[in-house]
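# Working through the structure, step by step
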Amino acid sequence: MASKTFNKISRVSQLFRSPRTTLPDTFEKTEEAVSKGYVNMINNGIIKPVNKGMHVLLPLGFRILNKLSTIVEKEMTKIGSQRILLPALTSTKLFKKTNRYDSDKSELFTLTDRYDREYVLGPTFEEAICSLIKNVGPLTPKILPLKLYQISSKWRDEMKPRLGLLRSREFIMKDLYTFNLNLDDAKDTYNIVCEAYDNIFNQIGIEYIKAEGDTGSIGGCLSHEYHYLSNVGEDTILSCQSCNYHVNKNISTQSECSHCNAKLQAHSAIEVGHTFLLDTKYSKPLNAVYKDQNLEKPLVMGCFGIGLSRIMAAAAEIYSTKEEIKWPKCIAPFTVCIIPPKQGSKEEETAVSYIEPVYDILCKLGIDAILDDRTNLTIGKRLLYVRTTGYPYAIILGKTLITKSVFELYDVYNDKYHEVTLESITDYFMKSDVKESGNILLQESSL
């Protein structure tokens, strides 16, 4: 095994990741230690903290981000949204025109260039997208509704960064901006995007709540928030179990539901998405307009955000035990880990010949796999790695190859072992209860 190379297969021995370490005492005393997901992501090579509120996504973490991005891109394409990438820096002049510079100044990262021009590292990009529309020139009605989105880093100078990626100074977000002729059309577009958001969160598979939300500093006339329930969440959602009404506590003083008079129950929650119907709050002062019979009129806008790095952190928090991570299968860093026998064992020579055929079958199914080629370790120790890192399945090329000519397929999340042959691997993963409506079948080529 040691002399055998598998150039096309990702291998655990080649992963760039931090070694599992004990967290320093100073970390243990902070509230971040309460977040088992954050601790596990650091310990298991998903992220690496480098500055207060700033983290590196290591290769496994970046794969999770890419899988989330793939889900988002698919749904954005379905509703006719086009992907762009705006500059990270936005002129402070634009923020002053919308009155967000002074009101949000304490949380803005600002810098000045060699020409004494001041810029903001974008926390959101309403000003930047309106400036783009203005510079393109007045839009024509035939191009509307227009939906433009990006997936990029955002920055906020948090006074107290905490809980890792849940409240950080740099975060990764999908932000979408829509433009319509009038408010009625904008409401229709708003509903279309909200339906796409429902599809995204349904595909991820973590139970979520959609609540009436606060427009806050972003502004607008309508807002909804998407939340995951968690005891480390910083939001409080009031929910009615009778009629499924949800509202953020910061905009409601109700103790009873206004729709059915049932008692509202409070839950701690993590906000992972937010939608706003902005009207002309940004388009009017920034002159983002369309031309109608030689008259220029401000476009009616919506903006829609999904916190991708926050979803990663929330998923790890919700699914983690103290020592292990269980990702939603569709975003696990790898779906299958292939484990050959320990070096020097009697089944080693037979097992090596099966590694590439097994990998090829998984590739044809669109299932991404990694080979744990650290054959100096026992199978048991490598299975521990599989569980702590969060791979949903392991295929073990062990003793049963010699005794029964079968592999052990370990369903990690359900803690069940199955015996499969090379020919029956496809049948196993195509079963409806395993495939989960296609969630795990993400093409490797898209990552």
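First, a word on scope: everything that follows refers to the structure included in this document.

How each quantity is defined
Residues numbered from 1 in each chain as written. Predicted model: local features only at pLDDT ≥ 70, side-chain atom pairs only at ≥ 80, totals over all residues. Heavy atoms only, no water. Helix = DSSP H or I, 4+ residues; strand = E, 2+ residues; numbered from the N terminus. Rg over C-alpha atoms; globule rule 2.2 N^0.38 Å. Buried < 20%, exposed > 50% of the residue type's maximum accessible area, 1.4 Å probe, protein only. Contact = heavy atoms within 4.5 Å. Lys, Arg positive; Asp, Glu negative; His and termini not counted. Charge placed at Lys NZ, Arg CZ, Asp CG, Glu CD. Polar contact = N/O pair within 3.5 Å; in protein donor to acceptor, adjacent residues only side chain to side chain. Pairing = 2+ DSSP bridges. Axes fitted to C-alpha atoms, helices over the stretch in contact; angles between N-to-C directions. Phe/Tyr/Trp six-rings, centres within 6.5 Å; stacked < 30°, edge-to-face > 60°.

## Considering the overall build of the protein
Tallying secondary structure elements over the protein gives 13 helices and 22 strands in all. For the protein, whose C-alpha radius of gyration is 25 Å, the value lies close to the compact-globule estimate of 22 Å for 447 residues. The principal-axis extent of the C-alpha atoms belonging to the protein is close to 80 × 55 × 50 Å. Out of the 447 residues belonging to the protein, those deemed buried represent 53%. Partitioning the contacts of the protein with sequence separation of at least 6, the portion at a separation of at least 24 is 69%. Averaging the coordinates of the 55 positive side-chain charges in the protein and doing the same for the 54 negative ones gives two points 3 Å apart.

## Some details on the side chain of histidine 246
Looking at the secondary structure, you find histidine 246 in strand 13 (residues 246-248). A polar side-chain atom of histidine 246 sits 2.8 Å from a polar atom in the side chain of serine 239.

## Some remarks on unusual backbone geometry
For the bond from leucine 144 to proline 145, the omega torsion is 0 degrees, close enough to zero to count as cis. Secondary-structure assignment places proline 145 in the loop between helix 6 (126-136) and strand 8 (146-155). The backbone phi angle of asparagine 261 is positive, close to 70 degrees, even though this residue is not glycine. Within the secondary structure, asparagine 261 sits in the loop between strand 13 and strand 14 (265-279). What makes asparagine 261 exposed here is its relative accessible area of 56%. With phi around 60 degrees, aspartate 279 is a residue other than glycine that occupies positive phi space.

## Looking at the sheet that holds strand 6 (residues 109-112)
With respect to topology, three strands assemble into an open sheet ordered 5-7-6, the strand pairing being antiparallel. Edge positions in the sheet fall to strand 5 (89-91) and strand 6, since each of these pairs with one other strand and no more. Ignoring which end each strand starts from, the neighbouring axes of this sheet average 40 degrees apart. Looking at chain direction, strand 6 and strand 7 (residues 118-121) are connected through four bridges and run antiparallel. Its bridge partner lying in strand 7, threonine 112 is registered against glutamate 118.

## Some points on the pairing of strand 2 (residues 47-51)
Relative to strand 3 (residues 54-57), strand 2 runs antiparallel, the two being bridged by four bridges. Looking at strand 3, one finds that lysine 48 is bridged to valine 56. Between strand 2 and strand 3, which pair antiparallel in sequence order, lie two residues; one of them, glycine 53, sits at a positive phi of approximately 80 degrees.

## A word on the packing of aromatic side chains
Two measures describe an aromatic ring pair: the distance that separates the ring centres and the angle between the ring planes. Inspection of the entire model under this criterion finds 15 aromatic pairs. Here phenylalanine 334 and tyrosine 391 contribute two aromatic rings whose centre-to-centre distance is 6.1 Å and whose plane-to-plane angle is 75 degrees, an arrangement assigned as edge-to-face. Taken together, the residues phenylalanine 334 in the loop between helix 8 (308-319) and strand 18 (336-339) and tyrosine 391 in the loop between helix 10 (379-389) and strand 20 (393-396) connect sequence positions 57 residues apart. There is no split in this pair, since phenylalanine 334 and tyrosine 391 are both buried. With centroids separated by 5.6 Å and ring planes inclined at 70 degrees, the aromatic side chains of tyrosine 385 and tyrosine 391 adopt a geometry described as edge-to-face.

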